[in-house]
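Here's the letter readout for the chains.
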Amino acid sequence: MAISHHAVVQRIRELENYIDHNEVLNDKLLRLKNKQKQMVNAKEYHQPLQYKTYKKEYDEIYQELLDLPFVEEYLELLDEANQILLNITNYIEEKINKALD
């Protein structure tokens with residue numbers, strides 16, 4: 001079975017399509033990215049109070065995203081897909097190592 005036809009990958013694609021076309025969600029993602037940039041800059045320029053403020057705002061936006069059921073499902077599916085890929089990688093590595101021995 002091709003990985004691209006796996007049920008997990010198919011569902012991820014469906015959710016990505018929904019996410020890509022959802023203006024409210026894209027606005028929240030943009031706000032989240034902007035807060036990340038502000039946090040990095042505050043940390044780089046040794047502004048701990050500003051960093052703390054940005055971190056709090058970031059956490060609030062992130063929680064708003066997690067409160068959306070499809071976002072939680074998407075993140076869980078990404079973890080599952082990563083685990084599948086890790087298992088495949090380990091299997092291939094094991095077979096290559098056996099062949100080299």
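Placed above this text is the structure.
Presented here is a report on the structure given in the accompanying data block. (Residues numbered from 1 in each chain as written. Predicted model: local features only at pLDDT ≥ 70, side-chain atom pairs only at ≥ 80, totals over all residues. Heavy atoms only, no water.)

1. Describing the packing of aromatic side chains
- Evaluation of the coordinates by the stated rule reveals 2 aromatic pairs.
- With a centroid separation of 4.7 Å and 85° between ring planes, the pair formed by Tyr-18 and Phe-70 is classed as edge-to-face. Of this pair, Tyr-18 sits in helix α1 (residues 7-20) while Phe-70 sits in helix α4 (residues 69-100), and the two are 52 residues apart along the sequence.
- With a centroid separation of 6.1 Å and 10° between ring planes, the pair formed by Tyr-58 and Tyr-62 is classed as stacked. Of this pair, Tyr-58 and Tyr-62 both sit in helix α3 (residues 48-66), separated by 4 residues, roughly a single helical turn.
- A relative accessible area of 14% places Tyr-58 in the buried class.
- A relative accessible area of 34% means that Tyr-62 is categorised as partly exposed. (Phe/Tyr/Trp six-rings, centres within 6.5 Å; stacked < 30°, edge-to-face > 60°. Helix = DSSP H or I, 4+ residues; strand = E, 2+ residues; numbered from the N terminus. Buried < 20%, exposed > 50% of the residue type's maximum accessible area, 1.4 Å probe, protein only.)

2. Thoughts on the pattern of salt bridges
- Taken as a whole and assessed by the stated rule, the structure comprises 7 salt bridges.
- For the salt bridge of Glu-57 with Lys-35, the shortest nitrogen-to-oxygen distance reads 2.5 Å. Of the two residues, Glu-57 sits in helix α3 while Lys-35 sits in helix α2 (residues 23-44), which places them 22 residues apart along the sequence.
- Accessibility expressed as a relative area gives 27% for Glu-57, which makes it partly exposed.
- The exposure class assigned to Lys-35 is buried, which follows from its relative accessible area of 17%. (Salt bridge = Lys/Arg side-chain N within 4 Å of Asp/Glu carboxyl O.)

3. Examining the layout of surface pockets
- Of the volumes computed, that of the largest pocket is approximately 190 Å³.
- Lining the largest pocket we find Glu-16, Ile-19, Asp-20, Leu-25, Leu-29, Leu-32, Tyr-62, Leu-65, Leu-66, Val-71, Tyr-74 and Leu-75.
- For the lining of the largest pocket, the elements supplying multiple residues, two or more each, are α1, α2, α3 and α4.
- Of the residues belonging to the lining of the largest pocket, the class tally is 10 nonpolar, no polar and 2 charged. (1 Å grid on protein atoms, 1.4 Å probe; cavity = no way out; pocket = protein on both sides within 12 Å on 5 of 7 lines; lining within 4 Å. Points joined across faces, edges and corners; volume = space filled by probe spheres on them. Nonpolar A, V, L, I, M, F, W, Y, C, P; charged D, E, K, R; others polar.)

4. Notes on α3
- The end-to-end C-alpha distance of α3, which contains 19 residues, comes to 26 Å, matching closely the 27 Å that a straight helix rising 1.5 Å per residue would cover.
- Three or more residues of α3 are buried, namely Tyr-54, Tyr-58, Ile-61 and Leu-65. Mapping the buried residues of α3 onto a view down its axis gives an arc of 65°, with all of them on the same face. Structural note: α3 exposes Pro-48, Leu-49, Lys-52 and Lys-56 on the side pointing more than 90 degrees away from its buried face. (Expected span 1.5 Å × (residues − 1). Arc of directions from axis to C-beta.)

5. Considerations on the nonpolar core
- Formed by 17 residues in total, the largest nonpolar core has its most connected members in Ile-12, Leu-25 and Phe-70.
- Elements that contribute at least two residues to this core include exactly α1, α2, α3 and α4.
- Broken down by element, the residue count for this core peaks at 5 residues, all from α4.
- Beyond its immediate sequence surroundings of up to four residues, Leu-25 is in contact with Ile-19, Leu-65, Leu-68, Phe-70 and Val-71. (Core = buried A, V, L, I, M, F, W, Y, C linked by side-chain atoms within 4.5 Å. Contact = heavy atoms within 4.5 Å.)

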